[in-house]
Amino acid sequence: RAMIQKQGPIARLVIYALLVAGSLVFLIPLFWMISTALKPIDQTMSMPPSWLPRQAYANVGGQRVPVTVGRALEDGRVEVMLADRTMRVVSAGEVVTRVKPRWGNFREAIVKMKYFPLYLKNTLVLCLLTVIGTVTSSALAAYGFARIPWRGRNKVFLLALATMMVPFPVVMVPVYALFRNLGWIGTLKPLWVGSFCAGAFNVFLLRQFFLTLPKDLSEAARIDGCGEFRIFWQIILPLARPALMVVGLFQFMATWNDFMGPLIFLTNQKDFTLALGLQFFQSQHGGTEWHYLMAASTLIVLPIILLFFFTQKTFIEGISMTGIKG
């Protein structure tokens with residue numbers, strides 16, 4: 001922001017215009033998903049595409065009733081289908097359209113996804129367990145790398161960072177074999193137990209934050225007789241709340257959106273998460289009901305969007321205060 005304010009008024013106007021244009025480009029898929037979620041099925045694949053959900057009305061028997069427009073006839077009339085699925089032929093000029101969202105699509109999507117409440121419960125349970133495990137284990141490991149001097153600390157830290165370069169498909173088969181031998185396949189355990197083993201990225205994030213805290217705080221606490229765990233629990237963690245929130249948000253979003261893990265380890269439909277349940281909902285019908293699929297997708301994406309907006313200040317604060325000191 002400071003760099004933008006140093007520019008002239010014309011340069012600032014151009015920069016803001018480019019930022020707004022770029023934001024609109026990224027918002028187009030989100031707007032199309034919400035728009036499709038509010039349409040009837042016949043408008044989801046219409047050409048040319050309609051950006052807004054509309055409802056056609058025609059005068060039938062002296063009354064304006066909602067209809068579905070069908071085939072156009074050569075004499076300037078069109079076929080329309082009434083709510084009771086009977087066909088009528090009316091003049092094309094008598095058919096008018098109005099913007100009308102179909103909010104009932106969301107309720108129908110939940111009904112058609114028979115186990116939606118179970119999907120939601122499983123996802124929330126996993127998010128809670130993985131956030132607790134990730135924040136706890138990452139904070140402990142980061143404290144050891146940042147505040148406790150021990151021989152080979154930096155080398156071990158570099159080795160931990162090197163694990164970030166190993167893609168998941170490389171370890172997918174060995175991990176699956178491990179959980180199969182433990183008898184955990186078909187349960188939620190493979191999806192949350194690993195979070196209690198700190199990940200390299202989160203450890204790096206918290207370590208950089210811990211390094212910014214004055215060491216005099218820890219020294220004064222040691223003089224007063226505090227042990228390392230008490231220093232960590234009562235002094236370091238309260239000061240690191242923004243960074244801990246960032247790690248928790250990252251893990252919550254990763255677990256909420258995770259598809260590969262549930263696809264590999266879950267076998268019972270009642271244990272599915274929202275992401276896997278959405279894919280199952282799409283594949284269980286012969287033809288995709290796009291309006292219901294987009295309605296379900298909107299319901300799944302909405303909590304993440306709201307979470308980001310409500311925690312945006314904490315998120316930006318935690319990111320900006322991390323990595324100041326190497």
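Our structure's up above, just so we're on the same page.
Predicted, not measured: the structure shown is a model, and the values here were computed from it.

In terms of regular secondary structure, the protein chain is built from 16 helices and five strands. Relative to the globule expectation of 20 Å for 326 residues, the C-alpha radius of gyration of the protein chain, 27 Å, shows a markedly less compact shape. The principal-axis extent of the C-alpha atoms belonging to the protein chain is close to 95 × 65 × 35 Å. For the protein chain, buried positions account for 34% of its 326 residues. When contacts within the protein chain are restricted to residue pairs at least 6 apart in sequence, long-range pairs at least 24 apart make up 66% of them. Computing the positive centroid from 31 side-chain charges and the negative centroid from 15, the protein chain places the two 8 Å apart.

A word on the sheet that holds strand S3 (residues 77-81). Pairing in this open sheet of five strands is antiparallel, and the strands run S4-S3-S2-S1-S5 from one edge to the other. Of all strands in the sheet, those with a lone pairing partner are strand S4 (87-91) and strand S5 (96-99), marking the two edges. Strand-to-strand twist in this sheet, taken as the mean axis angle between neighbours without regard to direction, amounts to 55°. By the bridge criterion, five bridges tie strand S1 (residues 54-60) to strand S2 (residues 63-72) in an arrangement that is antiparallel. By the bridge assignment for S2, tyrosine 57 is matched with proline 66.

Glancing now at the packing of aromatic side chains. Throughout the structure, instances matching the rule amount to 18 aromatic pairs. Ring plane angle 75° and centroid distance 6.1 Å describe the contact between tryptophan 192 and phenylalanine 196, whose orientation is recorded as edge-to-face. Arranged with centres 5.9 Å apart and planes meeting at 70°, the rings of phenylalanine 272 and phenylalanine 280 form a pair that is edge-to-face. Phenylalanine 272 sits in the buried class, given a relative accessible area of 8%. Under the relative-accessibility criterion, phenylalanine 280 is labelled partly exposed at 28%.

Scoring rules and cut-offs
Residues numbered from 1 in each chain as written. Predicted model: local features only at pLDDT ≥ 70, side-chain atom pairs only at ≥ 80, totals over all residues. Heavy atoms only, no water. Helix = DSSP H or I, 4+ residues; strand = E, 2+ residues; numbered from the N terminus. Rg over C-alpha atoms; globule rule 2.2 N^0.38 Å. Buried < 20%, exposed > 50% of the residue type's maximum accessible area, 1.4 Å probe, protein only. Contact = heavy atoms within 4.5 Å. Lys, Arg positive; Asp, Glu negative; His and termini not counted. Charge placed at Lys NZ, Arg CZ, Asp CG, Glu CD. Pairing = 2+ DSSP bridges. Axes fitted to C-alpha atoms, helices over the stretch in contact; angles between N-to-C directions. Phe/Tyr/Trp six-rings, centres within 6.5 Å; stacked < 30°, edge-to-face > 60°.

Honestly, it's all geometry; don't read function into it.
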